[in-house]
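# Per-entry structural report
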Amino acid sequence: MNFDQMPNSQFGVESASRTHVNQGLRSYMLRVYNYMAAGLALTGAVAYLVLSSSIMDYLVQSVLVERGDSVVEVLKPTLLGYAAIFAPLVMLLITSFRAHKMSAASVQLFYWAYTGVSGVGFGYLLWMYLSAGLHTPMSVATVFFITASSFLGLSIVGYTTKKDLSGMGRFLIMACIGLIVAGIVNMFMGSSLMAFGINVAAVLIFAGLTAYDTQQIKQQYYMLQSQEDASKSAVFGALKLYIDFMAMFQALLSLLSNRD
């Protein structure tokens with residue numbers, strides 16, 4: 001027996017194993033990002049359809065409001081408009097209780113339904129910005145580019161960093177819950193100062209969550225036990241990153257609007 005060959009042989013097996021894992025991880029992460037990009041494309045397509053059709057007539061209503069000695073016309077969401085705004089949040093809450101029981105096909109169906117419904121609410125949001133002169137199509141595209149660039153950098157940080165971000169992630173998740181509650185309250189209060197604070201906090205929170213979620217998606221890859229698990233995990237990972245991206249995008253749209 002030639003013992004001199006054993007170390008080289010063992011090293012070759014370990015090297016091949018690491019190469020297989022790295023290739024598998026890259027393929028898995030690419031799958032996640034492809035799902036996310038396709039979800040953003042679907043949201044954009046639905047938003048464009050809402051903006052360019054009569055659907056908006058069912059989402060917005062004109063209301064007369066007394067302000068001092070005068071009466072002004074204010075545009076507010078209809079019941080259907082409120083449904084479009086809150087439907088994605090309700091869908092997430094319902095799905096969170098049965099996510100572990102869903103099949104890979106059901107998870108994909110939910111993802112496409114969620115990103116499509118989100119497009120309706122996002123179309124309403126864009127219409128409000130454009131009709132009020134707070135944004136132009138060019139400025140919206142500029143904010144999208146800023147968001148995409150920031151998201152890419154933060155996701156790379158989350159993928160490459162050796163630091164465990166789980167502690168930061170738990171804090172950010174709790175902050176996100178508080179942010180949602182504050183946003184709902186301010187929908188009825190209408191405080192511009194509170195809205196500014198919420199948007200600043202949203203940018204910071206979801207910037208951190210982008211790095212955290214990317215690291216979590218990477219770590220979950222090593223715990224997958226079947227192709228079914230991989231399929232479900234890739235879609236849920238894409239959903240997390242999609243939410244992070246859209247939250248940052250909408251917060252930046254508000255912060256960078258042309259307000260007087």
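These numbers were taken from a predicted model, which means no experiment stands behind them.

### Re the overall build of the protein
In terms of helices and strands, the protein carries seven helices and two strands. Within the span of the protein, comprising 260 residues, buried residues form 38% of the whole. The contacts in the protein between residues at least 6 apart in sequence include a share of 78% that link residues at least 24 apart.

### Remarks on the packing of helix α5 (residues 166–189) against helix α6 (residues 192–221)
Look at α5 against α6: their axes get within 9 Å of each other, and the N-to-C directions meet at 150°. Between α5 and α6, the interaxial angle falls into the category roughly antiparallel. Here the hand of the crossing between α5 and α6 comes out left-handed. Contact residues: α5 offers Ser166, Met168, Gly169, Leu172, Ile173, Ala175, Cys176, Leu179, Ala182, Gly183, Asn186 and Met189, while α6 offers Met194, Ala195, Ile198, Ala201, Ala202, Ile205, Phe206, Gly208, Leu209, Tyr212 and Gln215. Residue composition of the contact of α5 with α6, by class: 17 nonpolar, six polar and no charged.

### Section: a nonpolar patch on the surface
Taken together, Ile173, Met174, Ile177, Val181, Val185 and Met189 make up a surface patch of nonpolar side chains, about 570 Å² in accessible area. Locating Ile177 in the fold gives a position in helix α5. Exposure remark for Ile177: the relative accessible area of 48% places this residue in the partly exposed category.

### Examining the nonpolar core
Soluble globular proteins tend to pack their nonpolar side chains together in the buried interior. The biggest cluster of nonpolar side chains holds 51 residues, and the ones touching the most others in it are Met36, Tyr111, Phe206 and Leu253. Put simply, the parts of the chain that give this core at least two residues each are α1 (6–51), α3 (104–131), α4 (137–160), α5, α6 and α7 (227–255). For this core, the leading source of residues is α7, giving 14 residues. Once residues within four sequence positions are removed from consideration, Phe206 is found in contact with Cys176, Leu179, Ile243, Asp244, Ala247 and Met248. Counting seven residues, the second largest nonpolar core, distinct from the first, contains Val46, Met56, Leu59 and Tyr124.

### Some words on α7
Between its terminal C-alpha atoms α7 stretches 42 Å, which fits the 42 Å expected from 29 residues at 1.5 Å a residue. Burial of α7 is extensive: 21 of the 29 residues sit out of reach of the surface.

### Describing the side chain of Ser155
By the secondary structure assignment, Ser155 is in helix α4. Under the relative-accessibility criterion, Ser155 is labelled buried at 3%. Apart from the residues lying within four places of it in its own chain, the contact partners of Ser155 are Tyr33, Thr210 and Thr214.

### Notes on the side chain of Lys232
With respect to the element layout, Lys232 can be found in helix α7. One polar contact links the side chain of Lys232 to the main-chain carbonyl oxygen of Met102, over a distance of 2.7 Å. With near-sequence residues (within four places) excluded, Lys232 lies in contact with Ala99, His100, Met102, Ser103, Ala104 and Val107.

### Digging into the packing of aromatic side chains
Following the criterion strictly, the structure yields 13 aromatic pairs and no others. Between the aromatic rings of Tyr35 and Tyr111, the centroid separation amounts to 6.4 Å while the plane-to-plane angle is 80°, which identifies the pairing as edge-to-face. Of this pair, Tyr35 sits in helix α1 while Tyr111 is found in helix α3, placing the two residues 76 residues apart along the sequence. Both residues of the pair, Tyr35 and Tyr111, count as buried. Relative to Tyr222, the ring of Tyr221 lies with its centre 5.5 Å away and its plane at 75°, an arrangement referred to as edge-to-face. A residue is classified by how much of its surface remains accessible, and Tyr222, at 47% relative accessible area, is partly exposed. Ring-pair connections join several aromatic residues into one group, and the members of that group are Tyr35, Phe110, Tyr111, Trp112, Tyr114 and Tyr242. In this structure, Lys218 packs its charged tip against the face of Tyr159, placed 4.5 Å from the ring centre.

Cut-off values and rules
Residues numbered from 1 in each chain as written. Predicted model: local features only at pLDDT ≥ 70, side-chain atom pairs only at ≥ 80, totals over all residues. Heavy atoms only, no water. Helix = DSSP H or I, 4+ residues; strand = E, 2+ residues; numbered from the N terminus. Buried < 20%, exposed > 50% of the residue type's maximum accessible area, 1.4 Å probe, protein only. Contact = heavy atoms within 4.5 Å. Axes fitted to C-alpha atoms, helices over the stretch in contact; angles between N-to-C directions. Parallel < 35°, antiparallel > 145°, perpendicular 65-115°, else oblique. Left-handed = near helix turned anticlockwise from the far one by under 90°. Nonpolar A, V, L, I, M, F, W, Y, C, P; charged D, E, K, R; others polar. Patch = residues over 30% accessible without salt bridge, like charges linked within 9 Å, V, L, I, M, F, W, Y side chains within 5 Å. Areas by Shrake-Rupley, 256 points an atom, 1.4 Å probe, with all protein chains shown as cover. Salt bridge = Lys/Arg side-chain N within 4 Å of Asp/Glu carboxyl O. Core = buried A, V, L, I, M, F, W, Y, C linked by side-chain atoms within 4.5 Å. Expected span 1.5 Å × (residues − 1). Polar contact = N/O pair within 3.5 Å; in protein donor to acceptor, adjacent residues only side chain to side chain. Phe/Tyr/Trp six-rings, centres within 6.5 Å; stacked < 30°, edge-to-face > 60°. Lys NZ or Arg CZ within 6 Å of the ring centre and 35° of its normal.

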